[in-house]
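# Chain and residue survey
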Amino acid sequence: DDELVLLFSKEKEAFLGQTGLFADGSLMVARRDAVDWMFRVATHYGFTVVTSVLAVNYFDRFVSSFRFQRDKPWMSQLAAVACLSLAAKVEETQVPLLLDLQVEESKYVFEVRAIQRMELLVLSTLEWKMNPVTPLSIVDHVLRRLRLKTHLQLEFLRRC
Amino acid sequence: MDYLIDTMDNKYEQLETIGRGNFGEVYKCRDREKNTFASMKRILFRYQDDGVPGSVIRGVALLKELDHPNIISLLDVLDDEKWVDLVFEYLEMDLWRFMGTYPRIGKDPNLTKSFLYQILSDSYRILHRNLKPRNIMVDVDKKIVKIADYGLARPVDAPVAFTYQVLSPGYKAPELLIDAKYSTPVDIWSVGCIFAEMVTHHPLFNGQCEHTAIMEMFSLLGVPNVETWPGVTSLGINLSNPEALVSGVRRSLSDVVKGLEPTGIDLLAQMLCLNPCRRITARDALIHAYFRNA
């Protein structure tokens, strides 16, 4: 199945350099907070699952790059705001303003200019590859191959 | 802010402006290190209060994924606070200028066949919507054509909710002119227009405005009816008086596109099928008899 092989090789490509991430204790704490916050905001605005998955994907790829400065405590929150904003812009039809995005007890509130600069830093660090292969794309492909995409499955996917 | 590593260095020397589009300007530039030319499109962020525009993010991400010998490739992306610069592979000549500059070589039937094949071979993955001779670049020495897609394209499976103007009327498919839903067949239509133009070196339709463009089409290809295009009556054209929708003397495709071999006329007719559902697909066009003796 060529398409599946292609998906997997593309997925590998997007996650190079990620191995160190999960071994780093303090970074994992920051990541947990960031992911937690992104999910809460996604729920607040009713974003799709794909948006949340993309936001976490961008965040993980970014923080495992050399451009992420872990000595600054606000950096991970700023990255989280930028990653969620980018994911929403890629996936959602209605995107809240950057200032409105910072809800759900955001630890810091950043001005628009700072977020825009971070957006650009994330974009260039990820080399503008904003359509990565995620677990959802694989599940979607397999379901389509098996012709399982009935209303029930669609409903399930929407809820998972 | 110190965390931003400046990527805008002096890697490229900016030369003259070579184009101006809806999104911004296109410059010719020189890669100082490699001493090669490139074209650079600067996309300004029009709205300053909401970060990097979604259209820019999606457009560049899509261009990053395109990797095809018949598409101009995106070499580099440089960013600044108020814009991004997209650096593309540079070719001197576009198809429009090529036809004007080389009236004889440009009409060589084998070259036309080869160019058409190349244009078709990339077009089933991507919905371009803006195909016209000025957007197709020509490598004169290698006899290669490359589609210069500076960011209007989108993946084929993306939602179809387009409201803005995308193309000059002369190359626009009928379903675009009458605001119907559209998809990849619009590109096949445009490629058909370009095909005819490569043969005659004259635009097939002048398309001064949308109304005259529709009249030109119907005059050449016939007025559609519910049999040739089911659902056409719901598209908002008044078909009760077909005579009012045509102008001049009816001519056939082989009268207008003189010098094209019969299999070519057949392929062209299938590419210019008014009903988008019955228009030939790129996949089928590539195996058409016209290409058999290429």
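Refer to the preceding data block for the structure.
Here the structure is a predicted model, which is why all the values come from computation and not from measurement.

### Describing the interface of chain A and chain B
Each side of the interface is counted separately: chain A has 29 residues, and chain B has 26 residues. Three residues stand out in chain A for area buried against chain B, namely Lys-89, Arg-117 and Trp-128 of chain A, and they jointly supply 31% of the buried area on that side. Taken together, the links from chain A to chain B amount to 2 salt bridges. Here Arg-113 of chain A ties to Glu-81 of chain B by a salt bridge, and the two come within 2.6 Å at their closest N and O atoms. Examining the composition of the side of chain A that touches chain B, we find that 11 residues originate from one element, helix H6 (residues 112-125) of chain A, more than from any other. Taken together, the residues of the side of chain A that touches chain B sort by class into 17 nonpolar, 4 polar and 8 charged.

### With respect to the pattern of salt bridges
According to the stated counting rule, one finds 12 salt bridges over all chains in the structure shown. Of the charged contacts in the structure, one is a salt bridge between Glu-81 of chain B and Arg-117 of chain A, with a shortest N-O distance of 3.2 Å. Here Glu-81 of chain B is found in the loop between strand E4 (74-79) and strand E5 (83-89), whereas its partner Arg-117 of chain A is found in helix H6 on a different chain. We classify Glu-81 of chain B as partly exposed; its relative accessible area is 23%. By relative accessible area, which is 17% here, Arg-117 of chain A ends up buried. A salt bridge links Asp-85 of chain B to Arg-42 of chain B, with the nearest nitrogen and oxygen atoms 2.7 Å apart. Of this pair, Asp-85 of chain B sits in strand E5 while Arg-42 of chain B sits in strand E3 (residues 36-44), placing them 43 residues apart in sequence. Shared partners join several salt bridges into a network, and the residues in it are Arg-113 and Arg-117 of chain A together with Glu-81 of chain B.

### Some details on the sheet that holds strand E6 (residues 93-94) of chain B
Residue and element names in this part refer to chain B. Strand order in the open sheet formed by 3 strands is E6-E8-E9, and the pairing between neighbours is antiparallel. Of all strands in the sheet, those bounded by a partner on one side alone are E6 and strand E9 (144-147). Across 2 bridges, the pairing between E6 and strand E8 (residues 136-139) is antiparallel. Bridge assignment links Asp-94 to a residue of E8, and that residue is Met-137. Contacts from helix H3 (residues 109-122) reach E8 and E9 within the one sheet, and its direction differs from that of E9 by about 35°.

### So, the environment of Phe-39 of chain A
Structurally, Phe-39 of chain A is set in helix H2 (residues 25-45). For Phe-39 of chain A, the residues in contact, after removing those within four places along its chain, are Ser-52 and Val-56 of chain A.

### As for helix H1 (residues 54-65) of chain B
An ideal rise of 1.5 Å per residue puts 16 Å on 12 residues; H1 of chain B measures up with 17 Å between its terminal C-alpha atoms. Turning to H1 of chain B, its buried residues number three or more, namely Gly-54, Val-56, Ile-57, Gly-59, Val-60, Ala-61, Leu-62 and Leu-63 of chain B.

### Notes on the packing of aromatic side chains
Per the stated rule, a full pass over the model turns up 9 aromatic pairs over all chains. Between Tyr-45 of chain A and Phe-47 of chain A, the ring centres sit 5.9 Å apart and the planes meet at 20°, which makes this aromatic pair stacked. On the accessibility criterion, Tyr-45 of chain A (30% relative accessible area) is partly exposed. Of note, Lys-28 of chain B hangs over the ring of Phe-37 of chain B, and the distance from its end group to the ring centre comes to 4.3 Å. The ring of Tyr-290 of chain B has Lys-113 of chain B sitting right over it, with the charged end atom 4.7 Å from the ring centre.

### Considering the nonpolar core
Counting 60 residues, the largest nonpolar core has Met-38, Tyr-58, Met-118 and Met-130 of chain A together with Leu-86 of chain B as its most contacted members. Secondary-structure elements contributing two or more residues to this core are H2, helix H3 (49-63), helix H4 (75-91), helix H5 (98-101) and H6 of chain A together with H1, E4 and E5 of chain B. Looking at which element gives the most residues to this core, the answer is H4 of chain A, with 12 residues. For Met-38 of chain A, the contacting residues outside a window of four places in its chain are Ala-55, Val-56, Phe-59, Ala-80, Cys-83 and Leu-84 of chain A.

### Considerations on H4 of chain A
The end-to-end C-alpha distance of H4 of chain A is 24 Å, a good match for the 24 Å that 17 residues give at a rise of 1.5 Å each. Burial analysis of H4 of chain A places 16 of its 17 residues in the buried class, which makes it a mostly covered element.

### Observations concerning the pairing of E4 of chain B
All names here are of chain B. The buried count for E4 comes to 5 of 6 residues, which makes it a mostly enclosed element. As judged from the 5 bridges shared by E4 and E5, these two strands associate in the antiparallel manner. Bridge pairing in E5 links Leu-74 to Phe-88. Joining the antiparallel neighbours E4 and E5 is a turn of 3 residues.

### As for unusual backbone geometry
Residues and elements named next belong to chain B. The residue Asn-35 is not glycine, and still its phi comes out positive at about 55°. Relative to the helices and strands, Asn-35 is located in the loop between strand E2 (25-31) and E3. Residue Asn-35 is classed as exposed on the basis of its relative accessible area of 54%. The residue Lys-143 is not glycine, and still its phi comes out positive at about 60°. Relative to the elements of secondary structure, Lys-143 occurs in the loop between E8 and E9.

Cut-offs used in this document
- Think of each chain on its own: its residues are numbered from 1, step by step along the sequence as written.
- For naming, the first written chain is A and the first written ligand is 1, with later ones following in the order written.
- Totals for whole chains, interfaces and linings use all residues, but because this is a predicted model, local features are given only for residues with pLDDT of at least 70 and pairs of side-chain atoms are given and counted only at 80 or more.
- Note: side-chain values were computed over all heavy atoms of the structure, leaving out hydrogens and water.
- Here a residue-residue contact requires only that any non-hydrogen atoms of the pair lie within 4.5 Å.
- The quantity reported as buried area is the accessible area (1.4 Å probe) lost by two parts once they are put together, taken as the sum for both.
- A side-chain nitrogen of Lys or Arg and a carboxyl oxygen of Asp or Glu constitute a salt bridge if their distance falls within 4 Å.
- Numbering of helices and strands runs from the N terminus, with a helix taken as a DSSP run of H or I at least four residues long and a strand as a DSSP run of E at least two residues long.
- Throughout, the ten residues Ala, Val, Leu, Ile, Met, Phe, Trp, Tyr, Cys and Pro are labelled nonpolar, Asp, Glu, Lys and Arg are labelled charged, and all others, Gly among them, are labelled polar.
- Exposure is judged per residue with a 1.4 Å probe applied to protein chains only, and the accessible area is read against the type maximum: over 50% gives exposed, under 20% gives buried, and values in between give partly exposed.
- Here, a strand pair is defined by DSSP locating no fewer than two bridges between the strands.
- Every axis in this analysis is a line fitted to C-alpha atoms, fitted for helices over the stretch in contact. Angles between the N-to-C directions lie between 0 and 180 degrees.
- For a helix, the expected span equals 1.5 Å multiplied by the residue count minus one.
- Note on ring pairs: Phe, Tyr and Trp rings are taken, using the six-membered ring of Trp, and paired if centres are within 6.5 Å. Classes follow the plane angle, with under 30 degrees stacked, over 60 edge-to-face and the rest tilted.
- Any Lys NZ or Arg CZ that is within 6 Å of a ring centre and within 35 degrees of that ring's normal is treated as a charge sitting over the ring.
- To form a nonpolar core, buried Ala, Val, Leu, Ile, Met, Phe, Trp, Tyr and Cys residues must be joined to one another through side-chain atoms within 4.5 Å.

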